[in-house]
Amino acid sequence: MKKIIVYIFFSFVLIILLAFVKKTLTPIYFDIPKGWSKPYYDFKNNPLTEERFQLGRQLFYDPILSKDNTISCANCHLQATGFTHVDHALSHGIEGKIGNRNSLTLQNLAWSKTFMWDGAVNHLDVQPLAPITSPVEMDETLQNVVYKLQNNEKYQQLFYNAFGTSKVTGQLTLKALSQFLVMLKTSNSKYDKVMREEELFTDIEQKGYNLFKINCASCHQEPLFSSDKFENNGLEIDTTLNDFGRIKYTQNPKDYLLFKVPTLRNIEFTYPYMHDGRFKTLTEVIKHYNSEIKTSKTLSKQLVKPMNLSDNERTELLAFLKTLTDKEFLFNAKYSFPK
């Protein structure tokens, strides 16, 4: 009996000590490539550490975030395809449910002010709530996610490692996911190496780059290859989906048929293309901008005049777009499924 009392006493003392011991974290340095602008993401409110990044990585790949524990973030955002899906036009959710949009890629999110095709989310720390709570995606509540994580011994330990507490909260869960998402930085494609004067474009790639600067760069601005703005890119309305873009969120007539300008980085592997995944190949995309733009009141002013490129010029433009592939990013083990 005496041994039991002593054991209980020392166990209690250990718990008290652990509660007051300050957790030592491993800081992560977020490198900003030379010539790039300052990120929009506020790292002061969510300081990067290895422990929080690893927690976010675990959460990203874990179907525990979905209602029936079958769908993870990675189901629609696969690393090897630029963190998007390529096997279907529209996102798929639990129980075979089909969404109404193609998933956007998850790349260089630290430089984004808004998220989703219509910009309905304005902060990375809350962006995961959209797919988690969507009835056609994960169909879950943050409250129930927290409950499941709190009752999981592995996550109790991971949250303690990351935040110094085993108590799981919605805020800490979202901040951990942001730590993983914000680190998905791609900046080492052939294009980047050429800009750093480490390599040279081939003749066809250089011609394609010249065409890109004339015809595409106003919306797909270097070095991120997005303006982070919303444009009407002249697509004919899909009468099945009847997706009218940003106007659904803002209720502003000026936002009719406006969608977020996506990044072109790793575009070679992020098919299908457009908000509804209607184009399977880059050849189809270039053909659209070359001669198939539908005019309307909100059409982007940059697209009023079609490109009208020759067959050779379209081939050259395609060659340049492929220089935006960053295989180091696509196969980086630190972004992959945690072993």
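Residues numbered from 1 in each chain as written. Predicted model: local features only at pLDDT ≥ 70, side-chain atom pairs only at ≥ 80, totals over all residues. Heavy atoms only, no water.

Visitor: Pulling in residues and values, what's your account of the overall build of the protein chain?
Guide: If you tally the helices and strands in the protein chain, you get twelve helices and two strands. The linear arrangement of helices and strands in the protein chain, starting from the amino end, is α-α-α-α-α-α-α-α-β-α-β-α-α-α. Among the 339 residues that make up the protein chain, the fraction classed as buried is 50%. Pairs at least 24 apart in sequence give 68% of the contacts found in the protein chain among residues at least 6 apart. Between the centroid of the 41 positive side chains of the protein chain and the centroid of its 36 negative side chains there is a distance of 6 Å. (Helix = DSSP H or I, 4+ residues; strand = E, 2+ residues; numbered from the N terminus. Buried < 20%, exposed > 50% of the residue type's maximum accessible area, 1.4 Å probe, protein only. Contact = heavy atoms within 4.5 Å. Lys, Arg positive; Asp, Glu negative; His and termini not counted. Charge placed at Lys NZ, Arg CZ, Asp CG, Glu CD.)

Visitor: Please set out helix α10 (residues 282–291) residue by residue, giving values where relevant.
Guide: Count 3.6 residues to each turn of an α-helix, and residues three or four apart come out pointing the same way. When α10 is considered as a whole, its buried residues turn out to be Leu282, Val285, Ile286, His288, Tyr289 and Asn290. Where α10 is buried, its residues meet α11 (311–321).

Visitor: If you had to explain the packing of α10 against α11 to someone new, which residues and values would you point to?
Guide: Close contact between α10 and α11 brings their axes to 11 Å; oriented N to C, the two are set at 125°. When the interaxial angle is binned, α10 and α11 end up oblique. By crossing handedness, the relation of α10 to α11 is classed as right-handed. Here α10 contributes Leu282, Thr283, Ile286, Lys287 and Asn290 to the contact with α11, which in turn contributes Arg314, Leu317, Leu318 and Leu321. In terms of residue class, the contact of α10 with α11 is built from five nonpolar, two polar and two charged. (Axes fitted to C-alpha atoms, helices over the stretch in contact; angles between N-to-C directions. Parallel < 35°, antiparallel > 145°, perpendicular 65-115°, else oblique. Left-handed = near helix turned anticlockwise from the far one by under 90°. Nonpolar A, V, L, I, M, F, W, Y, C, P; charged D, E, K, R; others polar.)

Visitor: Hey, could you go over the confidence of the model for the protein chain for me, with residue numbers and the actual values?
Guide: Note: predicted coordinates in regions of low pLDDT should not be interpreted at a detailed level. The predicted model of the protein chain averages 93 in pLDDT, with 93% of residues at 70 or higher. The low-confidence segment residues 3–11 (pLDDT under 50) makes zero contacts with residues lying over four places distant or belonging to another chain. Throughout residues 13–22 the model reports pLDDT below 50, and contacts reaching past four residues in sequence, or to other chains, amount to two contacts. (pLDDT = per-residue confidence, 0-100.)

Visitor: Before we move on, could you go through the packing of aromatic side chains and cite the residues and values that matter?
Guide: Applying the stated rule across the entire model yields 24 aromatic pairs. Ring plane angle 70° and centroid distance 5.2 Å describe the contact between tyrosine 41 and phenylalanine 43, whose orientation is recorded as edge-to-face. Ring geometry for phenylalanine 201 and tyrosine 209: centres 5.5 Å apart, planes at 55°, overall tilted. In terms of burial, phenylalanine 201 and tyrosine 209 fall into one category: buried. An aromatic cluster is defined as three or more aromatic residues linked by ring pairs; in this entry it consists of Phe53, Phe60, Tyr61, Phe83, Phe180, Phe329, Tyr335 and Phe337. (Phe/Tyr/Trp six-rings, centres within 6.5 Å; stacked < 30°, edge-to-face > 60°.)

Visitor: Can you break down the environment of glutamine 302 residue by residue, with the values?
Guide: The topology assignment puts glutamine 302 in the loop between α10 and α11. Not counting the four nearest positions on each side in its chain, glutamine 302 is found in contact with Ser218, Cys219 and Glu231. Looking at glutamine 302, its side chain comes within polar contact range of the side chain of serine 300, at 2.5 Å. (Polar contact = N/O pair within 3.5 Å; in protein donor to acceptor, adjacent residues only side chain to side chain.)

Visitor: Report on the pattern of salt bridges, specifying residues and quantitative values.
Guide: Side chains that carry opposite charge are capable of pairing whenever their charged atoms lie near each other. Under the counting rule described, the total for this entry stands at 15 salt bridges. Between aspartate 139 and lysine 97 there is a salt bridge whose closest N-O contact spans 3.4 Å. Here lysine 97 lies in the loop between α2 (50–60) and α3 (129–133) and aspartate 139 lies in the loop between α3 and α4 (142–150), a separation of 42 residues in the sequence. Judged by relative accessible area, lysine 97 falls into the partly exposed class, the value being 25%. Among the ionic pairs, glutamate 292 bridges to lysine 287, the shortest N-O distance being 3.7 Å. Using a relative accessible area of 34% as the deciding quantity, one classes glutamate 292 as partly exposed. By sharing partners, the salt bridges in this structure join Lys67, Glu95, Lys97 and Asp139 into a single network. (Salt bridge = Lys/Arg side-chain N within 4 Å of Asp/Glu carboxyl O.)

Visitor: With reference to specific residues and values, describe unusual backbone geometry.
Guide: Glycine aside, negative phi is the norm for most residues, and most peptide bonds take the trans geometry. Cis geometry marks the peptide bond from glutamate 222 to proline 223; its omega dihedral reads 0°. One can find proline 223 in the loop between α8 (203–215) and β1 (230–231). A cis geometry characterises the amide bond from tyrosine 271 onward to proline 272, with omega recorded as -5°. Locating proline 272 in the fold gives a position in the loop between β2 (259–260) and α10. The phi torsion at methionine 116 lies on the positive side, around 80°, for a residue other than glycine. Within the chain, asparagine 308 stands out as a residue other than glycine whose phi angle is a positive 55°. Take asparagine 308: it is sitting in the loop between α10 and α11.

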